[in-house]
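Geometric and topological summary
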Amino acid sequence: MADVAQAAGVSPQTVSRVSNGYPGVVESTRDRVLVAMRDLGYRPNSAARALKSGRFRMIGVILFTLSTTGSMRTLEAIAMSAAREGYAITLIPVAVPTQDGVRGAFTRLGELAVDAVIAIMEVHLLDAETVSLPPGAPVVVVDSNAGDRYSVVDTDQAAGARQAVQHLLDLGHRTVWHVAGPEESFAAKGRADGWRSTLEAEGREVTPLLHGDWTAESGYQMGLRLAQEPGCTAVFVANDQMALGVQRALHGSGKSVPRDVSVVGFDDIPEAGSFLPPLTTVHQDFAEVGRRCLEGVLRQMRTDAPERGTTLVPTRLVVRDSTAPPTA
């Protein structure tokens, strides 16, 4: 660093500010420092930084799947929030959602030297009713019911489902069918609970619950079943990919959306507005989930104290062309 400072004609403190990406350095000075760093082959030593500060500036992320929209967009949001705070993330996938798998992931993260852990649980552990994480590191859990023991950040799944179902009832539909996600999913359970409680509060028939696996193909199979239900005029689907499959099955069965059946999804993926017809859906604020996760672990690091409780991020209904009042 002293060599770079001498070559650029600045102080070592200025070199440190440039290498750490801090604002407030005059652009011409920053350029001289960057040229000197490149010419001298200088790279900041993260190990030396960690020894000096006691921080690795690394957040470990544990998750069970990379295949679902929720996991991928939550992971992206966490990575972006971490980058804005000067942190990187290291990812540890857990192949099988068991307690041993989670403990093994924590061990690997310990070997990789991380400052805190964010666990995207999404599914119930196969060998335990509740998650149990090893002590010793600041932890935030995403998409879980463990708020009595850990800090949890989640989308308000039940409230989003209530928005979807109430929208369909307000349009005049007598009841609303539901294509839920997998039974082991926390998010799917929250959305199904919101669907059921809304129908019960309105005194409406609670129709048989159908389960998919988040994929468009499973939505298609459930849509074929719904097409055979003569009283089905409205469907709330637990994610947008399955809603796409439901719409395809209804269309292939001679049903028009929304003239014969209204469809509402959940997630508001970027392609939702390009469905045919454009999909009415519940918007999740993944960026806010990621920001609050980072905020939570950084706060625990500053205070050196664990936290408990659940933070719910609000949803909003995006109304497009896939819903309409039922025909006579």
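Our structure's up above, just so we're on the same page.
Okay, so let's go over this structure. (Residues numbered from 1 in each chain as written. Predicted model: local features only at pLDDT ≥ 70, side-chain atom pairs only at ≥ 80, totals over all residues. Heavy atoms only, no water.)

What follows deals with the sheet that holds strand β4 (residues 139-142). The strand order β2-β1-β3-β4-β5-β11 describes an open sheet built from 6 strands, whose pairing is parallel. Where the open sheet ends on each side, the last strands, each with one partner, are β2 (88-93) and β11 (309-313). Strand-to-strand twist across the sheet, computed as the mean angle between neighbouring axes with direction ignored, equals 20°. Pairing analysis gives 3 bridges linking β4 to strand β5 (residues 151-155), with the strands arranged parallel. Bridging from a neighbouring strand, valine 141 pairs with valine 152 of β5. (Pairing = 2+ DSSP bridges. Helix = DSSP H or I, 4+ residues; strand = E, 2+ residues; numbered from the N terminus. Axes fitted to C-alpha atoms, helices over the stretch in contact; angles between N-to-C directions.)

Glancing now at the layout of surface pockets. What the second largest pocket holds in volume is close to 470 Å³. Considering the residues around the second largest pocket, the lining is formed by 30 residues, among which Thr68, Gly70, Ser71, Glu122 and Trp214 are closest to the centre. The set of elements that each furnish at least two residues to the lining of the second largest pocket consists of α5 (69-84), β5, α8 (186-201) and α11 (286-303). In terms of residues, the lining of the second largest pocket owes the most to one element, α5, which gives 4 residues. (1 Å grid on protein atoms, 1.4 Å probe; cavity = no way out; pocket = protein on both sides within 12 Å on 5 of 7 lines; lining within 4 Å. Points joined across faces, edges and corners; volume = space filled by probe spheres on them.)

Before going further, it helps to spend a moment on the pattern of salt bridges. For the structure on display, the rule yields 12 salt bridges. Between aspartate 193 and lysine 189 there is a salt bridge, and its shortest N-O distance comes to 2.9 Å. With a gap of 4 residues between them, aspartate 193 and lysine 189 both fall in helix α8, about one helical turn apart. Residue aspartate 193 is classed as partly exposed on the basis of its relative accessible area, which comes to 31%. For lysine 189, a relative accessible area of 47% translates into the label partly exposed. Measuring nitrogen to oxygen at the nearest pair gives 2.7 Å for the salt bridge that ties arginine 291 to glutamate 288. (Salt bridge = Lys/Arg side-chain N within 4 Å of Asp/Glu carboxyl O. Buried < 20%, exposed > 50% of the residue type's maximum accessible area, 1.4 Å probe, protein only.)

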